[in-house]
Amino acid sequence: MDSILNAPFVQDLVTLFKPALFNLYFLVLAVPFGFPLAVLLALGKNSKNKLLSIPARTYVYAFRGSPLFIQFFMFYSISLALNPGVWKPLGISWLMIHPLFIGPLVLVLNTGAYAAEIFYGALQTVPKGEIEAARAVGMSKWQEFRTAVWPNMLRLAWPAYTNEVVFLFHSTTLVYFTMPVINEQKDLLNKAGELFEKDYNLFLHFSAAALYFLVISIIIFFLFNLVYKRLTRHLNVDVSLKIKPNYIR
Amino acid sequence: MLEMLPHWLTDWLGPDGMASLAYITNGKHLSWYASVRYTLIAAGFGAILAVFFGLLGAAAKLSKFAPLRWIGDIYTTMVRGIPDVLFLLFFPLAFEQGVEYVMAQWYCKPEELATATGWPLCSNAQWYLSTTEYMVLACFSLGIVYGAFAANVIYGALKAVPKGQLEAAHAFGFPSRDVFWRFQVRQMWVYALPGLSNVWLLLLKATSLLSLLQITDIVSWADRLGAPNYSPLAGLVHGDWRWKYYLVLFVFYILLTWLSEKFFAYLQARAGRGMARAN
C-alpha cells in the first residue's frame, strides 16, 4: 500500500489536486453566468427587431471569430489600463485586476457567444407545429415561449451545449497563460509545468494533468447526460450524449 | 521612406498624423507586421498536416483490422478529453526530449550517462532549438491536434458517400484500394468541406498560441510594443498601451475568420456544382 502511495504518479495526482480546483473554479463560475447570457444573446440574434439582432449578431461573431487567448490578453490589459484612473479611485482595484475575477469574466463573455450560436441554431429548429399549436390555443407571447419554445430549444441544444461546457473547461487552462499567477494560485498546467522544470519528467507530469482533465470531462458528460435524460423523458427513446468535438476555441 | 508620400496626404495628416504614422512604421512595428508570417505559415502547414493526419485517422477508423481501428478511435477521442494547449506544449517538448535522448546515446560518455541526474543527460546532448525548429514542431503539433478533429469530419464524410457509387465502381472491376482512393476519397470532399471549414477556423485561432512555444509571433510583439516606456532614449514615451495592440489583434483575427468564411463559401459552391440540393 505504501509503495502505491509513494509512486511518482500518485504523488503527482496528490500535488495536482489543489491546482485542479482552480480550473474547476473558473468553470463553476463561468457556466451559471454564461448560460443566461447565451440565452439572451440567442433570443436577441433571433429577434426581428434590428436594434436587438444586429448587436447580438456582432457580439457573437466577434467573440467566435477571435481566439480566446487574445480575448484574455485584451480584457486583462484594458482592465490594467483603467486601473490608475478608474478602479483605484473606486477602491476596487484588488478585484478588477485579479485573475480570479478577470478569468471567469472573459470565460463568461466567450462561452456566452459560443453557446448563443448553439441556442440560436436550436431556436430555428423548434418544431413549427408546436408554436402554431400554442398560438391556436390563445397563449400569450410569454406562455408560448415558456411552453413551446424554451423546452424544445433546451432539448435540441443540449448535446452541443454539453460539448461547449467541456471545451470551456479545457480553455480554463488559458487563464494563467495570459495573467500573472498570484501567490500559490496555480492551475493544472502551471503546476505540471513547474513540476516538469524540476526534474524534466515530461510524460509523468503531463499525463497526470491530462488524467485530471479527462476524468473531469467525463464527469461533466455524465452530469449533463442526466439532465439530457430528463429533458427528453417524454420522447420515450433511449438517448445519450455523444462526445463530439465541434466546438472549441 | 515617409518623405516619398504625396503632398496632399502629408498635408491632410498634419504634423501629429505624420508623427503617428512615423511611429507605427518604425523598425519595431515593421517587425511586428512581419511576424504575421509565423501565424500564416503555422496555419497553412498546420492545416495541410491536419488534413493528412485526418485522412490517416479516418482510414484507421474505417480499417478492417481491429487494432488499427482502436488506434484511430483513441486518437480521435483523445482530443475530446484533454485540452489542445496541453498537446501543443507536450508534443514539441516530447520530441525535443526524444531527440536529446538519442543524442545522449551517441555523444555522452558512459560514465556521464551513469551519473546523470537532470536533463539533458550530458552537456553534449543539449539540443538548442531555433525559431525555425519550433515552427516545424508547432506545425506538427497543430496538425496532430486538429488532425484528430479532421479525422472525425473525414470519417463522417467518407460514410456519406452514396453506397451505389462504390458498388458501381466495384462492378466495373476496380480493386478495393482504387475504390477507396479514387471514388470514396474523391467524392468525400463535398461532404467534408463544411466540417473542414470549422476545423480550419479552430486551427486559425489556435495559431495565437505560438508564443507559448518561444516563437516571437504577433502576440509577443504586441506585448513588447505595448509595454509602458518611460525612457525617451528608447523611443516614444507612453503608458501601458497593450490594450490597443491586443485590440488590433482581436480585429485581425476577426478579419481572418471573415475572409476564411468567404473563401470556404466559394469552395463549397464550387465543389457542390452538379450536386442535388434541398433548397
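Predicted model, so just to flag it, every value in this text is computed and none were measured.

1. Observations concerning the overall build of chain A
Then, in step 1: A tally of regular secondary structure across chain A gives 12 helices and 0 strands.
Then, in step 2: Listed by position from the N terminus, the elements making up chain A come as α-α-α-α-α-α-α-α-α-α-α-α.
Then, in step 3: Taken across its 249 residues, chain A has 50% of its residues classed as buried.
Then, in step 4: Long-range pairs, those at least 24 residues apart, make up 76% of the contacts in chain A with a sequence separation of at least 6.
Then, in step 5: Of the roughly 12,100 Å² of accessible surface on chain A, 67% is carried by carbon and sulfur atoms.

2. Topic: the interface of chain B and chain A
Interfaces are frequently sized by the accessible area removed from exposure as the parts join.
Then, in step 1: The partner chain A presents 37 residues to the 35 residues of chain B that form the contact.
Then, in step 2: Buried area between chain B and chain A, both sides added, is near 3,500 Å², and the carbon and sulfur share of it is 78%.
Then, in step 3: By the criterion of area lost to chain A, the three top residues of chain B are Arg80(B), Lys205(B) and Phe250(B), representing 18% of everything that side buries.
Then, in step 4: Counting every contact that joins chain B to chain A gives 0 salt bridges.

3. Details of the nonpolar core
Then, in step 1: Counting 138 residues, the largest nonpolar core has Phe119(A) and Tyr146(B) as the members making the most contacts within it.
Then, in step 2: By residue number, the principal contributor to this core is helix H7 (residues 131-160) of chain B, which donates 15 residues.
Then, in step 3: Listed in part, the 6 residues of the second largest apolar core include Ala104(B), Cys108(B), Leu121(B) and Ala125(B).

4. Quick word on empty space enclosed by the protein
Residue and element names in this part refer to chain B.
Then, in step 1: Overall, the coordinates contain 2 cavities of 30 Å³ or more when judged by the stated rule.
Then, in step 2: Approximately 30 Å³ is the volume found for the second largest cavity.
Then, in step 3: Along the walls of the second largest cavity sit Leu88, Ala138, Leu142, Ala206, Leu209, Leu210 and Leu213, which together make up its complete lining.
Then, in step 4: Partitioning the lining of the second largest cavity into residue classes produces 7 nonpolar, no polar and no charged.

5. Observations concerning the pattern of salt bridges
Then, in step 1: Going through the model one piece at a time under the given rule, you end up with 10 salt bridges over all chains.
Then, in step 2: As a salt-bridge pair, Lys191(A) and Glu194(A) come within 3.2 Å of each other at their nearest N and O atoms. Here the residue Lys191(A) and the residue Glu194(A) both occupy positions in helix H11 (residues 188-199), the gap between them amounting to 3 residues, near one helical turn.
Then, in step 3: For Lys191(A), a relative accessible area of 13% corresponds to the buried category.
Then, in step 4: For Asp240(B), the salt bridge is made with Arg242(B), and the minimal N-O distance between the two is 3.0 Å.
Then, in step 5: Using a relative accessible area of 21% as the deciding quantity, one classes Arg242(B) as partly exposed.

6. Remarks on the side chain of Thr76(B)
Then, in step 1: With respect to the element layout, Thr76(B) can be found in helix H4 (residues 66-81).
Then, in step 2: Setting aside its immediate chain neighbours within four residues, Thr76(B) contacts Lys61(B), Ala148(B), Ala151(B) and Asn152(B).

7. Notes on the packing of helix H8 (residues 163-171) of chain B against helix H9 (residues 176-206) of chain B
Packed helices, taken two at a time, are described by their axes: the angle between them and the distance between them.
All names here are of chain B.
Then, in step 1: At a closest axis distance of 10 Å, the pairing of H8 and H9 adopts a crossing angle of 145°. In terms of crossing hand, the pair formed by H8 and H9 is right-handed. Along the contact surface, H8 presents Gln165, Leu166, Ala169 and His170, while H9 presents Ser176, Val179, Phe183, Gln184 and Gln187.
Then, in step 2: Of the residues in the contact of H8 with H9, the class split is 4 nonpolar, 5 polar and no charged.

8. Some remarks on the confidence of the model for chain A
Then, in step 1: In this model, chain A carries a mean pLDDT of 89, and residues with pLDDT of at least 70 account for 94%.
Then, in step 2: Across residues 245-249 of chain A the pLDDT falls below 50, and counting only partners more than four positions away or on other chains, this stretch makes 24 contacts in the model.

9. Quick word on unusual backbone geometry
Then, in step 1: Backbone geometry at Tyr200(A) places phi at a positive 55°, although glycine is not the residue there.
Then, in step 2: Counting through the fold element by element, Tyr200(A) comes out in the loop between H11 and helix H12 (202-231).

10. Some thoughts on the packing of aromatic side chains
Residue and element names in this part refer to chain B.
Then, in step 1: Inspection of the entire model under this criterion finds 32 aromatic pairs over all chains.
Then, in step 2: Measuring from centroid to centroid gives 6.1 Å for Tyr23 and Trp241, while their planes differ by 80°, and the two rings are edge-to-face. Remark: Trp241 occurs in the loop between helix H10 (218-226) and helix H11 (242-271) and Tyr23 occurs in helix H1 (residues 7-24); sequence separation between them is 218 residues.
Then, in step 3: When its relative accessible area of 18% is taken as the criterion, Tyr23 is described as buried.
Then, in step 4: The exposure class assigned to Trp241 is partly exposed, which follows from its relative accessible area of 25%.

Rules used throughout
- Residues numbered from 1 in each chain as written.
- Chains lettered and ligands numbered in written order.
- Predicted model: local features only at pLDDT ≥ 70, side-chain atom pairs only at ≥ 80, totals over all residues.
- Heavy atoms only, no water.
- Helix = DSSP H or I, 4+ residues; strand = E, 2+ residues; numbered from the N terminus.
- Buried < 20%, exposed > 50% of the residue type's maximum accessible area, 1.4 Å probe, protein only.
- Contact = heavy atoms within 4.5 Å.
- Areas by Shrake-Rupley, 256 points an atom, 1.4 Å probe, with all protein chains shown as cover.
- Buried area = accessible area lost by both parts, 1.4 Å probe.
- Salt bridge = Lys/Arg side-chain N within 4 Å of Asp/Glu carboxyl O.
- Core = buried A, V, L, I, M, F, W, Y, C linked by side-chain atoms within 4.5 Å.
- 1 Å grid on protein atoms, 1.4 Å probe; cavity = no way out; pocket = protein on both sides within 12 Å on 5 of 7 lines; lining within 4 Å.
- Points joined across faces, edges and corners; volume = space filled by probe spheres on them.
- Nonpolar A, V, L, I, M, F, W, Y, C, P; charged D, E, K, R; others polar.
- Axes fitted to C-alpha atoms, helices over the stretch in contact; angles between N-to-C directions.
- Left-handed = near helix turned anticlockwise from the far one by under 90°.
- pLDDT = per-residue confidence, 0-100.
- Phe/Tyr/Trp six-rings, centres within 6.5 Å; stacked < 30°, edge-to-face > 60°.

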